[in-house]
Amino acid sequence: MGKLVKSTIKSDINHSARLSVAPMMDWTDRHCRYFHRLISQHALLYTEMVTSPALVRGRALHLLDYNPEEQPVALQLGGSDPVELAEAAKIGADAGYCEINLNVGCPSDRVQSGTFGAVLMRDAPLVAECCAAMIAAVSVPVTVKCRIGVDDQEPQDVLPDFLQRVSDVGVSRFAVHARKAWLKGLSPKENRDIPPLDYAIVQAMKQQFPELHLSLNGGVATLDDALQHLEAGLDGVMIGRAAYHQPWEVLHGVDARVFGAEAAHKTPQEVVRAMLPYIDAHVTSGGKLGQISKHMLGVFTGRPGARAWRRVLSEGAHKPMAGTALVEAALSELD
Ligand SMILES: Cc1cc2nc3c(=O)[nH]c(=O)nc-3n(C[C@H](O)[C@H](O)[C@H](O)COP(=O)(O)O)c2cc1C
């Protein structure tokens, strides 16, 4: 790939990263991303984490399946072996993902035992080595999602050192979940809420590393909040739970307000109708409606009929033969 093409792709994806939907295991699967893409054509979407052992040793290539209409999509990898991560990154880039992201933020026990995720905040040289190996293997951007520290680390000491070492090998974009992970005594779920948020340190890192593209993650509940962080000088905002639970509320203004583009759909009903051919194809090929509709339950949150929409789908989606007719029936509860 020519240098010009490479740098054009990188700047396009950096632009998309102004607003991204966070990687979330069991949530941001391909169906969820297809649905989110109908709401925002421009936000950068992340996969669930896929581990490098699963791809390289387990050859679980089905984990990379996606629909090209989801693009731009970044593949998040978990791992800590540079050679294996490089191979996994190459498999991901060859599959068409536009970015490879390394998970340095996930605190779960399973992940710690494999020495990856947030525990890697303790080993910036190893993260740098992993990223250097991945950068050498692919021509798409390699990025990192990290925490501000773990356990008793002092973020103001550890985070600048981490960003310096990892950017020295060529990583220029980071998403920072603005709280520590406590690796002992808190569940992964608690680790998303209990350690306090520290947005100021992410702002300070932007002052200290103006050349890096820094996205802030953690606790951003609305698009207005996200825009405030962008106006305050951050390069990007990554939204997780709020985007999943209230996809229309949080994502529908993104194309106009973040990217200056026209939104593809004007109402949540339109988005749901635009999902029908996708749902039909999935169900016809043997898939279950519930695998898709579970991601759509929150699309009418705050609107009249939202509760009935959820109920009709939740009660019916697991039944044999459930398909687009059930979605139409749920929609009729809103009219
Ligand atoms: C169900 C769930 C699964 C998650 N899985 C991942 C993951 O695979 N990789 C990752 O880096 N973070 C994962 N996270 C963390 C999110 O990416 C994000 O950092 C966190 O939820 C904070 O952002 P928020 O407050 O906007 O949700 C997960 C979060 C949730 C709720």
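For the structure itself, look to the data block above.
As a starting point, this report considers the structure included with it. Here the residue numbers are simple positions, counted from 1 along each chain's written sequence. This being a predicted model, a pLDDT of at least 70 is required before a residue's local features are given, and a value of 80 or more before pairs of side-chain atoms are given or counted; all residues contribute to the totals for chains, interfaces and linings. Excluding hydrogens and water, the side-chain figures rest on all heavy atoms present in the structure.

### Describing helix 8 (residues 199–208)
Accessible area is worked out with a 1.4 Å probe on protein chains only. A residue is then buried under 20% of its type maximum, exposed over 50%, and partly exposed in between. Helix numbering and strand numbering both begin at the N terminus, where a helix is a DSSP run of H or I of at least 4 residues and a strand a DSSP run of E of at least 2. Inspection of helix 8 places Ile-201, Val-202, Gln-203, Met-205 and Lys-206 among the buried residues, and these make up the whole buried set. Where helix 8 is buried, its residues touch helix 7 (155–168), strand 6 (173–177), strand 7 (213–217) and helix 9 (223–231). A contact between two residues is defined here by any heavy atoms of the two lying within 4.5 Å.

### Quick notes on the environment of Val-283
Mapped onto the secondary structure, Val-283 falls in helix 13 (residues 268–284). When its relative accessible area of 22% is taken as the criterion, Val-283 is described as partly exposed. When sequence neighbours within four positions are dropped, the list of residues in contact with Val-283 reads Leu-289, Ala-322 and Gly-323.

### Describing the site of the ligand
Taken together, 17 residues sit near the ligand, with Pro-23, Gln-76, Asn-217, Gly-219 and Arg-241 positioned nearest. Contact distances for the ligand include 2.8 Å between a nitrogen atom and a backbone N or O atom of Met-25. Counting of polar contacts relies on pairs of N or O atoms within 3.5 Å, with two restrictions inside protein: one atom must be capable of donating a hydrogen and the other of accepting it, and residues adjacent in sequence are counted only when both atoms are side-chain atoms. Note that an oxygen atom of the ligand is positioned 3.4 Å from one of the backbone N or O atoms of Met-49. Any residue outside Ala, Val, Leu, Ile, Met, Phe, Trp, Tyr, Cys, Pro, Asp, Glu, Lys and Arg is labelled polar, Gly included; the first ten of those are nonpolar and the last four are charged. Its residues assigned to classes, the shell around the ligand shows 7 nonpolar, 7 polar and 3 charged. For this purpose, a residue is taken to be near a molecule or strand whenever a single non-hydrogen atom of the residue falls within 4 Å of it.

### With respect to the pairing of strand 2 (residues 44–51)
The element strand 2 is largely enclosed, with a buried count of 7 among its 8 residues. Note: strand 1 (residues 19–21) against strand 2, 2 bridges, orientation parallel. Across the sheet, residue Ser-20 finds its bridge partner in strand 2, namely Leu-44. Whether a crossover is right-handed depends on one test, that the path from the first strand over the helix to the second runs clockwise when the strands point away from the viewer. The β-α-β motif built from strand 1, the intervening helix 2 (residues 30–39) and the parallel element strand 2 has right-handed crossover chirality. Here strand 2 pairs with strand 3 (residues 73–78) via 5 bridges, running parallel. From the neighbouring strand, Thr-51 faces strand 3, where its bridge partner is Gly-78. Criterion used throughout: strands pair if DSSP finds at least two bridges between them.

### A short note on unusual backbone geometry
Residue Pro-72 is reached from Gln-71 by a cis peptide bond, and omega for that bond is 0 degrees. Structurally, the position occupied by Pro-72 is in the loop between helix 3 (52–56) and strand 3. The phi torsion at Asp-151 lies on the positive side, around 50 degrees, for a residue other than glycine. Examined against the element boundaries, Asp-151 turns out to sit in the loop between strand 5 (142–147) and helix 7.

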